[in-house]
Amino acid sequence: MADAKVIPFDDDRSRPGGPRGARRRSAAGPARGGPAAPVSALPGADRPDAGDAPEPPAGPPAVAGDWERRIAGGLSFLRRRLTGEYEVDEFGYDEELTDQVLMSLLRPLYEKYFRVEVKGIENIPDQGGALVVANHSGTLPLDGLMLQVAVHDNHPAGRHLRLLAADLVFVLPVVNELARKAGHTLACAEDAERLLERGEVVGVMPEGFKGIGKPFGERYKLQRFGRGGFVSTALRAGVPIVPCSIVGAEEIYPMVGNARTLARLLGFPYFPLTPTFPWLGPLGLLPLPTKWTIQFGEPIPTDGYTPEAAEDPMLMFNLTDQVREQIQHTLYKLLVQRRSVFF
């Protein structure tokens, strides 16, 4: 791949439209409820051009111009992809492809299907590293993707979320390449610390497969957060921990059973059985259109601790429990406020 520099994609959607043409009006005619006024009495009747109707002013073809700019930008994007004039970081992250293609594909699902409502986005700092810790659910990891769109589209500083993903993501064909391009990286302390020290916003879901594959009867009950590795990483990097609670993902694939034998044969951590899958075939993969809420809580600072604090097991336990309790409390609060799963 040729070394090159990313050229910003020109997608100016704020081009104003041209003025509307003035509506043609009659200079003479009977008034409602009275006789017609003589032409000589009308204002301006003595002008030579008084009988000519005003022509609508010509305006710029806003719609045509906007489409021309989009087509030109799309062709420029394709040229850069074909000639290799774009950058990919050491983790495989392709910012231009993510902004222009991947986010555009996910946005209809985010805005129209799940109708995600975001709260507390200001709790993610405008600059510098931060670790977003969220609950995990939904049988398939759509919550991570929606969380990524939420930060990308709503943060006032236009920040990007770099998600830590499980090993399984990087062994699946196609999924592996797309995950790398979207900024995901392996869920290990070394990669997470390098990203945080570079000033990135990193997202982690400590429940892992225990959270995403739990039965429907245990929805919104947080599973164990492991051994607190994410807290140790945040302490070493000296970045704040931002708890995040996601409501709505639990109901998109209600998991009523788990075919464990089939899961072992396929090498999966679980094989879900839902009211629609596998009974309806590919149609059963369609998620239910639940209404989502994503809330970012108050950040927990870590810059006041010494570097040796990352090796203190009691501190790890206390901070991990604090983050977990804050997420769980917010989940319960959002559930009480929710009037309907779908509306």
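Everything that follows concerns the structure shown earlier in this document.
Remember, it's a predicted structure, so these values are computed and weren't measured experimentally. (Residues numbered from 1 in each chain as written. Predicted model: local features only at pLDDT ≥ 70, side-chain atom pairs only at ≥ 80, totals over all residues. Heavy atoms only, no water.)

Engineer: Where do I start with the side chain of Thr233 in this structure?
Structural biologist: Locating Thr233 in the fold gives a position in helix α7 (residues 229-237). Each residue touching Thr233, except ones within four places of it in the same chain, is listed here: Ala189, Ala192, Glu193 and Leu196. (Helix = DSSP H or I, 4+ residues; strand = E, 2+ residues; numbered from the N terminus. Contact = heavy atoms within 4.5 Å.)

Engineer: Hey, could you run me through the packing of aromatic side chains in this one?
Structural biologist: Each pair of aromatic rings is reported with the distance of its centres and the angle of its planes. In the structure shown here, the tally under the stated rule is four aromatic pairs. Measuring from centroid to centroid gives 5.9 Å for Phe271 and Phe277, while their planes differ by 40°, and the two rings are tilted. In this pair, the class of Phe271 matches that of Phe277, namely buried. Aromatic ring contacts, followed pair by pair, group Tyr113, Phe114 and Trp292 into a single cluster. When the ring centre of Tyr86 is taken as reference, the NZ or CZ atom of Arg81 above it lies at 3.6 Å. (Phe/Tyr/Trp six-rings, centres within 6.5 Å; stacked < 30°, edge-to-face > 60°. Buried < 20%, exposed > 50% of the residue type's maximum accessible area, 1.4 Å probe, protein only. Lys NZ or Arg CZ within 6 Å of the ring centre and 35° of its normal.)

Engineer: Honestly, the sheet that holds strand β9 (residues 293-296) in this entry has me stumped. Any pointers?
Structural biologist: An order of β1-β9-β6-β2-β5-β3-β4 is seen for the seven strands of this open sheet, with the pairing classed as mixed. Each of the sheet's edge strands pairs with one partner strand only, and the pair in question is β1 (117-119) and β4 (185-186). By the bridge criterion, four bridges tie strand β2 (residues 130-134) to strand β5 (residues 201-204) in an arrangement that is parallel. The residue of β5 that forms the bridge with Val133 is Val204. (Pairing = 2+ DSSP bridges.)

Engineer: Just to check I follow, could you spell out the packing of helix α2 (residues 95-113) against helix α3 (residues 142-154) for this structure?
Structural biologist: Packed helix pairs are characterised by how far apart their axes lie and by the angle those axes make with each other. Remark: α2 packs on α3, axes separated minimally by 10 Å, with the N-to-C direction vectors making an angle of 105°. By the angle between their axes, α2 is roughly perpendicular relative to α3. Across from Asp99, Met103, Leu106, Arg107, Leu109, Tyr110 and Glu111 in α2, the residues of α3 making contact are Leu145, Met146, Gln148, Val149, Ala150, His152, Asp153 and Asn154. Residues belonging to the contact of α2 with α3 are distributed by class as follows: eight nonpolar, three polar and four charged. (Axes fitted to C-alpha atoms, helices over the stretch in contact; angles between N-to-C directions. Parallel < 35°, antiparallel > 145°, perpendicular 65-115°, else oblique. Nonpolar A, V, L, I, M, F, W, Y, C, P; charged D, E, K, R; others polar.)

Engineer: Before we go on, may I ask you to explain the nonpolar core in this structure?
Structural biologist: A general feature of soluble globular proteins is that nonpolar side chains tend to end up buried together. Core analysis: the largest hydrophobic core is formed by 29 residues, its most contacted members being Val133, Phe230 and Val323. Of all the secondary-structure elements, those providing two or more residues to this core are β2, α5 (189-197), β5, α7, β6 (241-247) and α9 (313-337). The contacts of Val133, once residues within four sequence positions are left out, are Val204, Pro206, Phe225, Phe230, Ile241, Val242, Pro243, Cys244, Val323 and Ile327. Counting residues in each nonpolar core, the second largest holds 28 residues, with Tyr110, Ile124, Cys244 and Ile246 among its members. (Core = buried A, V, L, I, M, F, W, Y, C linked by side-chain atoms within 4.5 Å.)

Engineer: Please clarify how a nonpolar patch on the surface should be interpreted in this entry.
Structural biologist: On the surface, a nonpolar cluster with roughly 440 Å² of combined accessible area is contributed by Trp67, Ile71, Leu75 and Leu78. Looking at the element boundaries, Trp67 is found in helix α1 (residues 62-83). (Patch = residues over 30% accessible without salt bridge, like charges linked within 9 Å, V, L, I, M, F, W, Y side chains within 5 Å. Areas by Shrake-Rupley, 256 points an atom, 1.4 Å probe, with all protein chains shown as cover. Salt bridge = Lys/Arg side-chain N within 4 Å of Asp/Glu carboxyl O.)

Engineer: When you look at the environment of Ser104 in this model, what are you seeing that I'm missing?
Structural biologist: Assignment of secondary structure puts Ser104 in helix α2. Among the residues examined, Ser104 registers a relative accessible area of 32% and is labelled partly exposed. Taking the C-alpha atoms as reference points, Ser104 and Val149, 45 residues apart in sequence, are found 9.5 Å from one another. From its side chain, Ser104 meets the backbone oxygen of Gln100 in a polar contact 3.1 Å long. (Polar contact = N/O pair within 3.5 Å; in protein donor to acceptor, adjacent residues only side chain to side chain.)

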